[in-house]
Amino acid sequence: MEGQKMRSSNKRIVILGAGYAGIFLATNIGRYFKGKEGEVILVDRNPYHQLLQEIHLVAAGFRTANEVKIPILRLIDGMNIKFIQSTIKQIRPDKNLVVLESTEIKYDVLIICLGASTKYFNIKGAKENSLPLRSISDASLIYDRVGALIKLNNKQNIVIVGGGATGVSLGGALSDFIKDSKKTDSISITIIEALPTILSGWDERLVKKVNEVLHKKGIRIMTRSPVTKVENCGSSVYLSDDDATKIQSSLTIWTAGVKGYDIQIDPEVEKTKDGKIIVNEFCQIDRYPNIFSIGDIAAV
Ligand SMILES: Cc1cc2nc3c(=O)[nH]c(=O)nc-3n(C[C@H](O)[C@H](O)[C@H](O)COP(=O)(O)OP(=O)(O)OC[C@H]3O[C@@H](n4cnc5c(N)ncnc54)[C@H](O)[C@@H]3O)c2cc1C
């Protein structure tokens, strides 16, 4: 399919989100635009880019929050890019307008790179009674909560729901944290996975190795165990309505699902059932050829 052509007078490019997709795009466009006409605006709610692949280490105290933040202004230094720190509230494709908490901006070309958020599959109590791990502040909260458990002397169980890459790396890191705190006798970790294996879809040899490493660390892994209900933090995770399937949990961390970040777009655009914006092979929204979307929020 031919990409739909845009007007040649396009002048202002607005990039929403300074995560991996947004920063990569902005810095490449910024280099291209150096000394040329046109304006590139990058918007993010944070003044820093988050090194998301390291936040499990923040949750376990092996990195500080500051060590996994890179100031956005440093990343775009010397480039023809204007940065606005603000929360994006709404996109109005019919008016070429983005509504921010602080102001409104018009665009000629818009690229939506707002990432993903946690998916709870409508499981009762999951959102209310667990902590997610999708940002540095989530990681800091987990660190505080695990730190509080470490100060207690009675038996505690940390339940991680979701045996994907995030849950598995978090489990490993928390186990090291607990070991360093000499609390392995009182604090246990359980990873619960609905599918027949952790790291589903990964190379079988790697999955076997990871299973061995986690078992060695004393982590209990429960596969084929879809969670049906989560009670108050500091209480229980259920695998069915039957009380016999109740797993005690002092702290439940939810890493089981991901969906596209839920940004309000009015009029609505087509999305997948996971809330991802559907784009064509040019990462363009068919109905609005001057709007593109890339990264975790987009689905080709
Ligand atoms: C714990 C963890 C570990 C991971 N480890 C790996 C790994 O090892 N390897 C790998 O390939 N991938 C890893 N990933 C996945 C990887 O981080 C994502 O695929 C990647 O971040 C997607 O980039 P993105 O730009 O689409 O979204 P993000 O990087 O999430 O960026 C989205 C940006 O949008 C901003 N934003 C969102 N909503 C708003 C709003 N309303 N207003 C203003 N700003 C907003 C956010 O602040 C953020 O800066 C990991 C993810 C997590 C959570």
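Residues numbered from 1 in each chain as written. Predicted model: local features only at pLDDT ≥ 70, side-chain atom pairs only at ≥ 80, totals over all residues. Heavy atoms only, no water.

Student: Go over the sheet that holds strand 20 (residues 264-265), please, and point to the residues and values.
Tutor: Strand pairing in a sheet takes place through backbone hydrogen bonds and is either antiparallel or parallel in direction. With respect to topology, 4 strands assemble into an open sheet ordered 8-7-6-20, the strand pairing being mixed. The open sheet has two edge strands with one neighbour each: strand 8 (104-106) and strand 20. Both strand 6 (residues 88-92) and strand 20 contribute to a ladder of 2 bridges, which runs parallel. What sits directly across from Q90, in strand 20, is Q264. (Pairing = 2+ DSSP bridges. Helix = DSSP H or I, 4+ residues; strand = E, 2+ residues; numbered from the N terminus.)

Student: So what's going on with the site of the ligand? Which residues, and what values?
Tutor: Around the ligand there are 23 residues in total, and A21, D44, I88, Y261 and D296 lie nearest to it. Within the contact set of the ligand, a nitrogen atom lies 2.9 Å away from a side-chain nitrogen or oxygen of Y261. Against a free-state accessible area of 990 Å², the protein chains account for coverage of 78% of the ligand. Residues belonging to the shell around the ligand are distributed by class as follows: 10 nonpolar, 9 polar and 4 charged. Built from parts of two domains, the shell around the ligand gets at least three residues from each of domain 1 (12-117 + 259-299) and domain 2 (131-254). (Near = heavy atom within 4 Å. Polar contact = N/O pair within 3.5 Å; in protein donor to acceptor, adjacent residues only side chain to side chain. Areas by Shrake-Rupley, 256 points an atom, 1.4 Å probe, with all protein chains shown as cover. Nonpolar A, V, L, I, M, F, W, Y, C, P; charged D, E, K, R; others polar. Domains from an automatic or database assignment.)

Student: Account for the domain arrangement of the protein chain, with residues named and values stated.
Tutor: For the protein chain, the domain assignment lists domain 1 (12-117 + 259-299) and domain 2 (131-254). Counting the surface domain 1 buries against domain 2, the share from its top three residues, I55, H56 and A59, is 40%. Summed over the shared surface of domain 1 and domain 2, the result is 0 salt bridges. Along the contact surface separating domain 1 from domain 2 lie 2 residue pairs in polar contact (both at pLDDT 80 or more). When residues of the side of domain 1 that touches domain 2 are traced back to their parent elements, those giving at least two are strand 3 (48-50), helix 2 (55-59) and strand 10 (116-118). (Buried area = accessible area lost by both parts, 1.4 Å probe. Salt bridge = Lys/Arg side-chain N within 4 Å of Asp/Glu carboxyl O.)

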